[in-house]
Amino acid sequence: MLILLVLPALVMFAVSFSHHRKAKFLLPISSVAILLPIVKLFWLPKPYAIWGNYLVADRLDTYVLLISSLVGIGVTLALLTLDKHVKVSPKAYRRFYRFFAIFWVGLIISILANHMGIYWIGLELATLSTVYMIKTNHTPAAHKEAWNYMIVGAIAISLVLFGIILMYASAKPILGEEAMRFDLLLSHAKEIPSPFLFEMGFAIATVGMFVKMGFFPMNLWLANIERASFYPVAALFSGILESAVIIGFFRFSKIAEQINYAHLYGFVFVYTLLTIFIVAFLIFRAKDFMRLFSLSGVEHMALIALFWVSGGTFAALLHFGAHAFLKPALFLSTGVLESRGKYRIAGALRGYKGKKGELFWVLVSLFLLAIISLPPSPMFFSELYGFAAMVEMAKQSDHMLAMIAAILFLLVLLSVIFYRFVTLYQSMKYEGKEEEKRVYGSELAALVLFALCLLVLLLPSSFAYLRSIV
Amino acid sequence: MGVDFFIGLFLATLIVALFTSRLYRLIFWYSMNSLVLGILALMIGKALDDKAMLVTGIATLVIKAVGIPYMLKHFSEKFHFVRQIQPQISAHYAIILIPAILVFTFYLSEPITHMIEGNANYIAISISSLFLSLLLMMEHRHVAPKIIGFLSMENALFLLGITATGGMPMLVELGIFFDLLMAIVVMNLLFHKEEVSS
Amino acid sequence: MIAYLVTITILLLIAPILLFFIKVLKMRMLYKKPVSLLQGYRNVAKLMQKETLISEEASGMTRVAPFLVLSPLLVTLFFLPPVVQGAFYVSFVDAFTITGLIALSTFFLMLLGLDSASAFGGMGSSREAFISALVEPAMILTVFSVSMMAGDLGVGQAGVNLASHFPKAHMASFLFAAISFFILLIAENGRIPVDNPETHLELTMVHEAMVLDITGVYLAIIETAASVKFVIFASLFASLFLPFGMQYAPPVAFVLFLVKLFMIAAAVALIEVNTAKLRLFKVPNLLGIAIVFAFLSLITFYVLGA
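All of the points below concern the structure found in this document. Predicted, not measured: the structure shown is a model, and the values here were computed from it. (Residues numbered from 1 in each chain as written. Chains lettered and ligands numbered in written order. Predicted model: local features only at pLDDT ≥ 70, side-chain atom pairs only at ≥ 80, totals over all residues.)

Let us now look at the overall build of chain A. Looking only at helices and strands, chain A has 20 helices and two strands in total. Its C-alpha atoms give chain A a radius of gyration of 21 Å, near enough to 23 Å, the size a compact globule of 470 residues would have. For chain A, the spread of C-alpha atoms along the principal axes amounts to about 65 × 55 × 45 Å. Of all 470 residues assigned to chain A, the portion counted as buried reaches 54%. Sequence separation of at least 24 residues holds for 78% of the intrachain contacts in chain A that already meet a minimum separation of 6. (Helix = DSSP H or I, 4+ residues; strand = E, 2+ residues; numbered from the N terminus. Rg over C-alpha atoms; globule rule 2.2 N^0.38 Å. Buried ≥ 20, exposed ≤ 12 C-beta atoms within 10 Å, placed from the backbone. Contact = placed C-beta atoms within 7 Å.)

Residue and element names in this part refer to chain A. Of the strand pairs in this sheet, strand E1 (residues 48–51) and strand E2 (residues 55–57) are connected by three bridges, and their pairing is antiparallel. Looking across to E2, one finds that Tyr-48 is bridged to Ala-57. Once E1 ends, the chain turns through three residues before running back antiparallel as E2, passing Gly-52 with a positive phi of about 55°. (Pairing = 2+ DSSP bridges.)

Attention shifts here to the interface of chain B and chain A. Between chain B and chain A, the contact holds 32 residues from the first and 30 residues from the second. Every element with two or more residues in the side of chain B that touches chain A is listed here: helix H5 (110–113), helix H6 (120–139), helix H7 (143–165) and helix H8 (170–191) of chain B. For the side of chain B that touches chain A, the leading source of residues is H7(B), giving 10 residues. Looking at the side of chain B that touches chain A residue by residue, the class counts come to 22 nonpolar, five polar and five charged. (Nonpolar A, V, L, I, M, F, W, Y, C, P; charged D, E, K, R; others polar.)

Before going further, it helps to examine the packing of helix H7 (residues 171–188) of chain C against helix H9 (residues 216–241) of chain C. All names here are of chain C. Between H7 and H9, whose axes approach to 10 Å, the crossing angle comes to 170°. Our classification of the angle between H7 and H9 gives roughly antiparallel. Contacts between H7 and H9 involve Ala-178, Phe-181, Phe-182, Leu-185 and Glu-188 on the former and, on the latter, Lys-229, Phe-233, Phe-237 and Phe-241. For the contact of H7 with H9, the residue count by class is seven nonpolar, no polar and two charged. (Axes fitted to C-alpha atoms, helices over the stretch in contact; angles between N-to-C directions. Parallel < 35°, antiparallel > 145°, perpendicular 65-115°, else oblique.)

So, about the nonpolar core. Ranked by internal contacts, the top residues of the largest apolar core, which has 339 residues, are Ile165(A), Tyr168(A), Phe10(B), Ile15(B) and Ala138(C). The biggest single contributor to this core is helix H8 (residues 140–175) of chain A, with 19 residues. (Core = buried A, V, L, I, M, F, W, Y, C linked by C-beta atoms within 7 Å.)

Another aspect to go through is helix H14 (residues 289–309) of chain A. Along an α-helix, a turn takes 3.6 residues, which lines up residues three or four apart on a common side. All names here are of chain A. The terminal C-alpha atoms of H14, which comprises 21 residues, lie 31 Å apart, in line with the 30 Å expected from a rise of 1.5 Å per residue. Most of H14 is tucked away: 20 of the 21 residues are buried. One or two residues past the end of H14 sits Gly-311, with phi positive at roughly 95°. (Expected span 1.5 Å × (residues − 1).)

To continue, consider the interface of chain B and chain C. Listed as interface residues are 21 residues of chain B and, on the opposing side, 21 residues of chain C. The set of elements that each furnish at least two residues to the side of chain B that touches chain C consists of helix H1 (2–19), helix H4 (91–108) and H6 of chain B. The biggest single contributor to the side of chain B that touches chain C is H1(B), with nine residues. Residue composition of the side of chain B that touches chain C, grouped by class: 16 nonpolar, four polar and one charged.

So, about H8(A). Residue and element names in this part refer to chain A. Counted at 1.5 Å a residue, the expected span for H8 with its 36 residues is 52 Å, and the 50 Å between its end C-alpha atoms agrees. Considering bend angle alone, the principal kink of H8 is centred on Ala-169 and spans about 30°; proline Pro-173 follows within four residues of it. Phi turns positive, to about 65°, at Gly-176, one or two residues after H8. (Bend = angle between axes of the 7 residues up to and from the residue.)

Now for the packing of helix H3 (residues 35–43) of chain A against helix H4 (residues 59–79) of chain A. Residue and element names in this part refer to chain A. Taken N-terminus to C-terminus, the directions of H3 and H4 make an angle of 160°; their axes are 10 Å apart at the nearest point. In terms of orientation, H3 lies roughly antiparallel with respect to H4. The handedness of the crossing between H3 and H4 is left-handed. Between H3, through Leu-35, Ile-38, Leu-41 and Phe-42, and H4, the contact on the second element is made entirely by Thr-62, Leu-65, Leu-66 and Ser-69. Classifying every residue of the contact of H3 with H4 gives six nonpolar, two polar and no charged. (Left-handed = near helix turned anticlockwise from the far one by under 90°.)

Here you go:
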């Protein structure tokens, strides 16, 4: 099973060494092959041990893995025409594929991990392989940002390791060497002899994970990195890397919830609200697509974290799924949208000829409107359910008024973002000059794939499945 | 008794590394740091009779005390690093900042020390080494000292793993080494300033 | 009591030999023909006979300061830890007093440098102040830390305690304090890498700059003061950080002590030959290491018990 899962990545790694021009067209086909073991995993009884106790697939795992793989397939499709939109040398192009393959392997390891240490190793592998991918774009800005990413990413990952060591130390007296396993920690959470140690480890690891996702105070770090790199890299970040980080957060917070819910909630609540506050205004001022989309990604991740700790796990998972499809789709389309210049927002949605062009701009407008939670986008539903979960949680405690005030505050911030996106859409559609832009088949195929996935996400059976996950 | 002495030496080499203004000196102190760490791992491993720790101790000695400094020197010659690295924080402020960090971290780890089996004071030193490595990263402008700061952070985390938990599982330690090696590979690629070619 | 007085007299007498021992060792290592070891005495005798000229702009301070430079150091000689077993020693003097006395001597040296109204004197005094400001906290912390380890705040008593109970349990703090004190020994006595004692070039002198305008008897007194300072530091280092050998019979213990002093001088000579003088702005780096190590030693002792 494990071999089948990493097979597409290995194929990609092998193909990247060949100098044949058409070799890369093999890749989308081999990448689709990853769906086969995943579908099989859906039918197997959970939890299904893939590799001893280290890699275990439970319902949450399989869901996140499915989403990440779909994003991976889409990105592989879109990568076929990378050199038509930006300048990249063939050698750098091949290296890109190599690191993408390593990234994919690291990702599979960290998503399926049941062992904190294995999770960390996969995350570090994924982080390190993306560093080079940023640098493929040979501008001085990319060079500087790649180093920036390396240093800050390394610090964030080290903080996560520090947190993991402390959490392991707190549970070692009762569980011995097995204290690294998520499932054991979850079942024995109340028996941990020193809860404060666990909480401290959790806080430090969470700060590391939040920094990696671009929360306060590193909001602009992520935006600058994604600006300086190619659009598929940004798509990979927002679609796949963040899913690896957020699944870690999901698991850690479930354990911390057992230990001291009040502390957990207060910490995450304040942090995410602060982040959304800052990011909302940064979005308002963003002047180009990449920064805009990456900041919007930060905002959505913060909402996901907030919904998860409020008990709205269904809402969080739905939001996560929708975001994981929408954001990479938007990033991939910036390859085309920016083909006439980076800061040409006005008129970006005009000037497409032919069936492919028509389909493209319809899809992109729908995606743009979907990401700000207009119905019938899944985000609309997820936000409704999420806020409901928050109110539900507040009913149990004495802070109903504070929660309502916080929700109103959040809605105000979300409306700032809504306003910006709507004006953006209007300027893209109705203003500016008509400049001819070409759309290529493979990118369109990726966008269609994402749109189909979103539609599948809206089906009642998917909702039912998501409800049953936690 | 010996463990105390070597942990003191670990912290001492880190502090001397904070004051130096030459790259090769910094690499030398990092390699001394890793040497002391390896000896510590071997000593504690022998005391606890833990084979995994002995293996990782030897791996630390070979990879971190010899291999990585050699590679860093090789990189610095190949890519013509700037070898004069003056800290941004002048020595006057560093004299106040470093003891302040030491006191702050010792105070911070006070609650933890009551909760962990084994000698809790060592955890305080590992946490302060972590913060001092962060300081090392922040106080230099060039990239090479930042890399060495990151590497000392890994050393401090390894020490924390040894003293707080009596060694992390073997697989995790090996994975961490593997990741470190991969980091070196990535760095090698990053330093290459290739020309823009279409 | 007799051993006490004999020790002080002998320390006073060998002070010039110690400094010139360093110089002879350096010259030997650099393959030069060495001067005689007794040159120090000849220098003092020569200076006593020379005419004492005082600069026109100098005030009364120049007549008084040299004596005030020497006297605190002579007083400190009386407070050092004992060398042989059963000797009398002053047990209540702690780190503050010793540092304070040495600082008093440095203070009057700085005033002396300023008093002659020459550019070099002012420059030397300001540099000396710069270095002193960094050395004093380190010295207090180091000597305190060692006193804590020895169990008594008085330096004399600490030396006696250390000789009988070597702090095996506190090796880390001991090592840090030793490193810190050695750096201070080099800095306070104006050796390379902090100050070059053999040069009169503007770029490189600190101590020599302050005494550039002093002649005759006053210069003899100041040179004696410099050698007494080195003896004080060296014997403090030997008693506190190399505290073995006191249990033998008095003559043997005394000879052992002198051997330790000469070994310290040899170490200083080795460092002088192999190191370049630091730029003045890099000196805080070195002294910063001394301060942080002193602090670290105290903290390791308290927090870790190591």
